[in-house]
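These are the residues of each chain, in order.
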Amino acid sequence: MIDYDNLLMLDKPSIAFKQLHDHHSLPDYLEILSQTKQRRDYHPEGDVLTHTLMVLDEGAQRKYESDHPLWFMWSCLLHDIGKPVVTTPEGRAPYHNEAGVKLFQNINIITDATERTYIETMIMYHMHLMNMARNNAPDWRYLRLLKLIENKVSLNDLILISVCDKLGRGYVAYDQLSHFYDYIEDKQKRLGVNALPALLTEAELQRFKEDVFMEAYELQLQGMNKGEILRSLERKYVKG
């Protein structure tokens, strides 16, 4: 049996995983990455497996900066497993993070529930910070992300995988990463790294018969008080 944990903690794990690929010994959900092409303007390095191996080596250089080095490396390995499911003939991969989460739910090699939650969250949100920085997303989107990852993954670890993902495309212009770091630093200084407490609990929202917790939280972040949030939700979900 292959000890993936040991391979992931090597200084240059790409070598071991490339050898497994050459001998057709990778699991199907990794093997298929080599057949999944990407847009050259976004990914000049080529197919998704090549990208993943580059991300692994970037992660290996930073794993001890993370809260959970081994979990972090698993996240680097699996972050793009959803791409084969959604990639178009033009090489676009819309919602590959969501597809990756669904696929990961059927991968049983990792059994610890807390570790699975960490990896699933990293797969889901590995693109979000970089996209937010590129689009100069407003404060409330940053604060919303902090709530989505709360008690699952630290902002520090999400920053690390975002950087590894970016660097796993070969040469990256300095100004791209510079802007990312400036954007994140500004958000951290002004808004902190922890999610704001929600004004309304999930128990208080049960009467809406819908999962509206994050919707209520977004309204809070946009400036509504508790009463205003409830009235807005009532208008939307309560008939009569």
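What you are looking at is a predicted structure, and each value in this text was computed from that prediction instead of being measured. (Residues numbered from 1 in each chain as written. Predicted model: local features only at pLDDT ≥ 70, side-chain atom pairs only at ≥ 80, totals over all residues. Heavy atoms only, no water.)

**Student:** Lay out the environment of G227 in plain terms, naming residues and giving numbers.
**Tutor:** For G227, the location among the structural elements is in helix α14 (residues 226–237). A relative accessible area of 27% places G227 in the partly exposed class. As a C-alpha pair, G227 and L200 span 27 residues in sequence and 9.8 Å in three-dimensional space. (Helix = DSSP H or I, 4+ residues; strand = E, 2+ residues; numbered from the N terminus. Buried < 20%, exposed > 50% of the residue type's maximum accessible area, 1.4 Å probe, protein only.)

**Student:** Residues and numbers for the nonpolar core, please.
**Tutor:** The biggest cluster of nonpolar side chains holds 72 residues, and the ones touching the most others in it are F17, F72, L78, L129, L158 and L205. The biggest single contributor to this core is helix α11 (residues 155–167), with 8 residues. When near neighbours in sequence (up to four residues on either side) are disregarded, L129 contacts L145, L155, L158, I159, S162, F180 and I184. (Core = buried A, V, L, I, M, F, W, Y, C linked by side-chain atoms within 4.5 Å. Contact = heavy atoms within 4.5 Å.)

**Student:** I'd love a proper account of the packing of aromatic side chains, names of residues and values included.
**Tutor:** For any two aromatic rings, the description comes down to two numbers: the centre-to-centre distance and the angle of the planes. Inspection of the entire model under this criterion finds 6 aromatic pairs. Members of the aromatic cluster, each reached through a chain of ring pairs, are Y4, F17 and W74. For the cation-ring pair, R116 lies above F104, with the distance from its terminal atom to the ring centre recorded as 4.3 Å. (Phe/Tyr/Trp six-rings, centres within 6.5 Å; stacked < 30°, edge-to-face > 60°. Lys NZ or Arg CZ within 6 Å of the ring centre and 35° of its normal.)

**Student:** So what about helix α5 (residues 69–78)? Which residues, and what values?
**Tutor:** Taken across its 10 residues, α5 has 8 buried, putting it largely inside the fold. Turning to α5, its buried residues number three or more, namely W71, F72, M73, W74, S75, C76, L77 and L78.

**Student:** If you had to explain the packing of α11 against helix α12 (residues 174–191) to someone new, which residues and values would you point to?
**Tutor:** Running from N to C, α11 and α12 point in directions that differ by 170°, and their axes come no closer than 11 Å. In terms of orientation, α11 lies roughly antiparallel with respect to α12. Together, L155, I159, S162, V163, K166 and L167 of α11 and Q176, L177, F180, Y181, I184 and Q188 of α12 make up the contact between the two elements. (Axes fitted to C-alpha atoms, helices over the stretch in contact; angles between N-to-C directions. Parallel < 35°, antiparallel > 145°, perpendicular 65-115°, else oblique.)

**Student:** Can you tell me about helix α10 (residues 139–149), naming the residues and giving the values?
**Tutor:** Among the residues of α10, Y142, L143, L145, L146, K147, L148 and I149 are the ones counted as buried. If you follow the buried residues of α10, they end up packed against α8 (113–125), α9 (128–134), α11, α12 and α13 (213–221).

**Student:** Please set out the pattern of salt bridges residue by residue, giving values where relevant.
**Tutor:** Tallied over the full model, the rule gives 13 salt bridges. The salt bridge partner of E185 is K189, with a shortest N-O separation of 3.1 Å. Taken as a pair, E185 and K189 lie in helix α12 at a separation of 4 residues, close to a single helical turn. On the basis of relative accessibility, which here comes to 67%, the residue K189 falls in the exposed class. (Salt bridge = Lys/Arg side-chain N within 4 Å of Asp/Glu carboxyl O.)

Nothing here speaks to function; it is all geometry.
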